[in-house]
Amino acid sequence: MERAMKKYRALQTSFFLLLLALSLQSCLGLGGSSKSSNTNFQNTNTNGASIGINKANQALFKGKIYFTLDHNLYVLDGTRVPHQLTHGMAVQDPAISPDGKWIAFSVRFKNYSNLAYMSINGGPLHTVATGNGQFFTVGDGTNSFYWFLQPSWSPDSKKLLFLSDLQKAFVWKNLGSPFNNAYFPDLQVFSLPIGQPALTAAQALNDAQPVAYADFGDGGDRDAAYRPHHDNQIVYTHYTYNTGGTQQLVQIYLEDPNAIANNPGRYTPGVEGSGVDPSVAITPKNTNKECLQPAFSPDGNNIAYIQRIDSTHMGLFVMPVADNVTQNPNDPTTASKALKPYTSKSSLIQSGLYISQPFWSPDGKQVAYLSYTNNVYDIWLSNVSVDKKTGMYKMVGDPVQLTSANGHLDGDSRPAWTA
Amino acid sequence: MWARIVVAVMAVLLVALGSGLWYYQSNFATPITKITNQQAAHIGEDGQSANQLTTTGNGIGTKRINILLLGSDNDGKNQAPLAQTDIVVTIDPQTHYVGMLSIPRDLRVVIPDNGTGKLDAAFSFGWSNEHVGPTPFSNAVGLSIATIEKNFGIPINYYAWVGLDGFVKVIDTAGGVDIDAIHPITDNAYPDDVNTKDHFGYERLYIPPGPQHMNGMQALQYVRTRHADLVGDFGRSARQQQILDQLKVKLDTPSIVTKLPDLANDLGDTVKTDMSIQDIVNFMDFARTLNTNKIDRLILSPPYSAMANDKTGDFLPNCAMIMPKIAQMFALGNNANCITAAGTNTGSSLASFHSAIGAPIPMSALNTPTQNASLSQLNALSQNTGDTFGVHSLLDMMFLVVFDSFDATKV
């Protein structure tokens, strides 16, 4: 009995010593890296921040990736050493011109933002339009400030699509109460040519072409971009409340960028279901299927997009996009055709916490995105290919974390990738 | 043998108690002293100072109590702050009835000894005028209470005041929040009234949709804006719930224990009440048990009020609708009151109000020394498991005022 007790105490002591050792090991960070074998982060000090870039072979990529850290613009090429291109400006949503010469972005200020671009190697900043203005009366919120946000390039690299509240003071009386007297602050899609002196908001209003309208009261449109190799089509995310006014309808639309300009007076902004629409939905009108942040593949045949799963989880999907559906968007047959790829050919690539902001490699073989791990946003790379049997995209291998930015990578700014 | 064990146990207990007291005194006593038992000046309905400070009740017991919740920017560096939030909560412990009256800051009221003006100006006038209270803050609260009592006949038993920049500090101390913004947020005229010199200013907001990190100021903007939302407060409630869910995640992590002293300090200058810390804990314990669907809510926005046609931006009370409702909500009987202050706005139209504000008053004016936190407080609070030194309850009280909802007490 006594011998058994001694043996038990020895075992008990050994167990506690083992626990203690494991605890110390954990506290001291001993015992090897907690990261997987496809990561080898090497830190770079930049602008006072230390960020890690994965130097493992699995994180190799071709071309240049532009992204923002604390809203400063950086570029990362095959050497995987980040270079800072802007300093002290609040840069958001870089977009590279199709001719590979320019990078456009928005620059945020209090109350307004500017549209700007510069060489992809950095250098002088060219302002396309400024939203600067003023408040008119003390105690009165009326003002002449404007937003210019989320630029993207036309196929000839001579115009920018962008979001703006340029028409906020327009009175859309045909919408009826309560919109006939209300400001329309929701952002809509416009286009402007580049290459002229910086425009004031008033000049921009004169020169800008309205491209896609928004619905009232839900913040407007997002993610506008031309479809590669299809100059007569753009894609964007449309936000609106459902007719009951309680649920979000978030859909991706395709549209002829000249539909509004070529049909003066035919289309207006509105609320859900209020009027004739120049666009056609390519994702369903379903409050449980909120689809956003489309990104066209370089060949223009597919989009990567995000679909909300719950309040914190999101899925990254890829689906083909139908052709010839923008000419007659209100035709039921056309609408059905536009939605068909979503129902039959959409494939889940990856899901997880706050997966967002997808963007393609120039060769279309990789999709990158932001993912939220260890309470911060970072860029991840995923190899993709088309399954020969199903004709649908699938992920090849495991996704690889490219950056370890320690909280400096901006979740609200989509990176861009060029050859 | 037993004597040695008893002595040893006693020694350990003494060391533990001493350490706990030292920890409390070092980290929590000062902020809790600055927060609690801050008496409001007693100002009569005629606007004249009475001889004593208001006396609070004897705790949340069995009698109906009314609590005035005030929210304002607390940056008094340049001018007296306005009360941007005025809510009266009424609790009948016997029937478990809970009512919540939200009074718009722009409602035109009679401000004792200051003519008529927007309700938010009562706090400012009290701050700037000389009354009996030891500090501008106590005068500000006192005049706010007197204004509510004069205009509606609602007796106020307690008050709690929250500075909006306290919310900003708390979020920043928690490391910010990461949320998926439901939809793009635009606001062409968001009140630029926190950490600013111009309390009447506006700013424009644009918050992109999707996952993003928000610091304290951005989170406050996300939960306060409502101008450009088709469904107004409904949309705002959905956004608030997102922030509350994130805060719950942040505050439930073990690492938050190390931040409790910082959180207490954040609250120290931005929450004030005449309740004791034990009263606050009791109040929040009670609040967390409420079925928020059964709370009787009344907001004096249209149709209970209508915009004045005199370009002041004031809203005039619709007394025919308000009187019976508040009589029922607060069990006032014939004591319910409502003043149709339809005359000229004499006190706080925006143009005249600037000139009415007194000289700059430093923030230190808020810090009224009162009795020190005691060992009995520590003992009382230590019995509340899961709410170390009442910090959680103080946070919940802050969220209740900022979010204007009892749902916020369930973080």
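Residues numbered from 1 in each chain as written. Chains lettered and ligands numbered in written order. Predicted model: local features only at pLDDT ≥ 70, side-chain atom pairs only at ≥ 80, totals over all residues. Heavy atoms only, no water.

### Regarding the overall build of chain B
- The helix and strand tally for chain B stands at twelve helices and 16 strands.
- Considering chain B as a whole, with its 411 residues, one finds that 60% of them fall into the buried category.
- Residue pairs at least 24 apart in sequence account for 72% of intrachain contacts in chain B once pairs closer than 6 positions are excluded.
- Counting every atom, chain B has about 16,000 Å² of accessible surface; 56% of that belongs to carbon and sulfur. (Helix = DSSP H or I, 4+ residues; strand = E, 2+ residues; numbered from the N terminus. Buried < 20%, exposed > 50% of the residue type's maximum accessible area, 1.4 Å probe, protein only. Contact = heavy atoms within 4.5 Å. Areas by Shrake-Rupley, 256 points an atom, 1.4 Å probe, with all protein chains shown as cover.)

### Brief notes about the overall build of chain A
- Scanning chain A from terminus to terminus reveals four helices and 29 strands.
- A total of 419 residues make up chain A; the buried ones form 53% of that total.
- Long-range pairs, those at least 24 residues apart, make up 55% of the contacts in chain A between residues at least 6 apart in sequence.
- Here chain A has roughly 18,400 Å² of accessible surface; of this, 52% comes from carbon and sulfur atoms.

### With respect to helix α5 (residues 216-224) of chain B
- Most of α5(B) sits inside the fold, with seven of its nine residues counted as buried.
- Here α5(B) starts with a cap whose side-chain oxygen sits 3.2 Å from the backbone nitrogen of B:Met217, and that cap is B:Asn215. (Polar contact = N/O pair within 3.5 Å; in protein donor to acceptor, adjacent residues only side chain to side chain.)

### Looking at the side chain of B:Asp296
- As for its position among the elements, B:Asp296 is in strand β14 (residues 296-299).
- B:Asp296 has contacts with B:Tyr97, B:Val98, B:Gly99, B:Met100, B:Lys325, B:Gln328 and B:Met329, leaving out every residue within four places of it along the chain.

### Considering the layout of surface pockets
All names here are of chain A.
- Size it by volume and the second largest pocket reaches roughly 1,000 Å³.
- Taken together, 35 residues make up the lining of the second largest pocket; nearest its centre are Ile 96, Ala 225, Pro 228, Phe 296 and Trp 417.
- In the lining of the second largest pocket, the residues fall into 23 nonpolar, eight polar and four charged. (1 Å grid on protein atoms, 1.4 Å probe; cavity = no way out; pocket = protein on both sides within 12 Å on 5 of 7 lines; lining within 4 Å. Points joined across faces, edges and corners; volume = space filled by probe spheres on them. Nonpolar A, V, L, I, M, F, W, Y, C, P; charged D, E, K, R; others polar.)

### Brief notes about the sheet that holds strand β3 (residues 65-72) of chain B
Residue and element names in this part refer to chain B.
- Spatial strand order, β13-β8-β3-β4-β5-β14: six strands in an open sheet with mixed pairing. Edge positions in the sheet fall to β13 (271-273) and β14, since each has one partner strand and no second. Each neighbouring strand pair of the sheet contributes to a mean axis angle of 15 degrees, computed without reference to strand direction.
- Note that β3 and strand β8 (residues 158-163) share six bridges and pair parallel. Bridged to Gly 71 within β8 is Val 162.
- Sitting on the sheet, helix α3 (residues 136-152) touches β3, β4 (85-92), β5 (97-103), β8 and β13, and the angle it makes with β3 is about 125 degrees. (Pairing = 2+ DSSP bridges. Axes fitted to C-alpha atoms, helices over the stretch in contact; angles between N-to-C directions.)

### Focus: the nonpolar core
Residue and element names in this part refer to chain B.
- Of all hydrophobic cores here, the largest spans 87 residues; its most connected members are Phe 167, Ile 243 and Phe 399.
- When residues in this core are grouped by element, the largest group, ten residues, is from helix α12 (residues 391-403).
- Inspection of this core shows a minimum of three residues originating in each of domain 1 (34-163 + 271-387) and domain 2 (166-261).
- Residues Leu 300, Ile 326, Phe 330 and Cys 338 belong to the second largest nonpolar core, which totals 44 residues. (Core = buried A, V, L, I, M, F, W, Y, C linked by side-chain atoms within 4.5 Å. Domains from an automatic or database assignment.)

### Notes on the interface of chain B and chain A
- Taken residue by residue, the interface counts 32 residues in chain B and 46 residues in chain A.
- Carbon and sulfur atoms make up 55% of the area that chain B and chain A hide from each other, which totals about 3,100 Å².
- Among the residues of chain B in contact with chain A, B:Arg204, B:Tyr206 and B:Pro211 are the three that bury the most area, contributing 26% of the side total.
- Inspection of the chain B/chain A interface yields three salt bridges.
- Salt-bridge contacts for A:Asp165 lead to B:Arg204; the nearest nitrogen and oxygen are separated by 3.0 Å. (Buried area = accessible area lost by both parts, 1.4 Å probe. Salt bridge = Lys/Arg side-chain N within 4 Å of Asp/Glu carboxyl O.)

### Things to note about the sheet that holds strand β14 (residues 188-193) of chain A
Residues and elements named next belong to chain A.
- Read from one edge to the other, the open sheet built from four strands follows the order β12-β13-β14-β15, with strand pairing classed as antiparallel. Edge strands, defined here as strands with exactly one partner in the open sheet, are β12 (148-153) and β15 (209-212). Recorded for the sheet is a direction-independent mean angle of 35 degrees between the axes of neighbouring strands.
- In this sheet, β14 lies alongside strand β13 (residues 159-164) in antiparallel orientation, the contact comprising six bridges. Residue Phe 162 lies in a different strand from β14, and its bridge partner there is Phe 190.

### Overview of the confidence of the model for chain A
- Mean pLDDT for chain A: 88, with 87% of residues reaching 70 or above.
- Note on residues 15-35 of chain A: pLDDT under 50 across the span, and three contacts to partners over four residues away in sequence or across chains. (pLDDT = per-residue confidence, 0-100.)

### Some thoughts on the pairing of strand β8 (residues 112-119) of chain A
Residue and element names in this part refer to chain A.
- Most of β8 is tucked away, with seven of its eight residues classed as buried.
- Where strand β7 (residues 102-109) lies against β8, eight bridges are found, and the strand directions are antiparallel. In the sheet register, Ser 106 faces β8, and the bridge partner there is Leu 115.
- In this structure, the hairpin formed by β7 and β8 is closed by a connection of two residues, where Asn 111 is found at a positive phi of approximately 85 degrees.
- By the bridge criterion, four bridges tie β8 to strand β9 (residues 126-130) in an arrangement that is antiparallel.

### So, the packing of aromatic side chains
- Considering all chains together, one arrives at 26 aromatic pairs over all chains under this definition.
- Considering the side-chain rings of A:Tyr117 and A:Trp153, the 6.0 Å spacing of their centres and the 85 degrees angle between planes classify their relative orientation as edge-to-face. Taken together, the residues A:Tyr117 in strand β8 and A:Trp153 in strand β12 connect sequence positions 36 residues apart.
- Overall, A:Trp153 belongs to the buried group, its relative accessible area being 6%.
- Aromatic side chains A:Tyr372 and A:Tyr377 sit 5.0 Å apart centroid to centroid with 50 degrees between the ring planes, which places their arrangement in the tilted category. For the pair A:Tyr372 and A:Tyr377, one class covers both residues: buried.
- Linked through ring pairs, B:Phe123, B:Trp127, B:Phe137, B:Tyr159 and B:Trp161 together constitute an aromatic cluster.
- Above the plane of the ring of A:Tyr146 lies A:Lys168, whose end atom (NZ or CZ) is 4.8 Å from the centre.
- The ring of B:Tyr222 is capped by B:Arg239, whose NZ or CZ atom sits 5.8 Å from the centre of that ring. (Phe/Tyr/Trp six-rings, centres within 6.5 Å; stacked < 30°, edge-to-face > 60°. Lys NZ or Arg CZ within 6 Å of the ring centre and 35° of its normal.)

### So, the pattern of salt bridges
- All told, the structure shown has 17 salt bridges over all chains when counted by the stated rule.
- With a closest N to O distance of 3.0 Å, A:Asp323 and A:Arg227 form a salt bridge. Residue A:Asp323 is located in the loop between β22 (313-320) and α4 (332-345), and its partner A:Arg227 is located in strand β16 (residues 221-227); the two are separated by 96 residues in the primary sequence.
- A relative accessible area of 36% means that A:Asp323 is categorised as partly exposed.
- Between B:Asp296 and B:Lys325 there is a salt bridge whose closest N-O contact spans 3.5 Å. Of this pair, B:Asp296 sits in strand β14 while B:Lys325 sits in helix α9 (residues 319-329); the two residues are 29 residues apart in sequence, bridging distant segments of the chain.
- Connected through salt bridges with shared partners, the residues B:Asp106, B:Arg108, B:Lys118 and B:Asp314 form a single ionic network.

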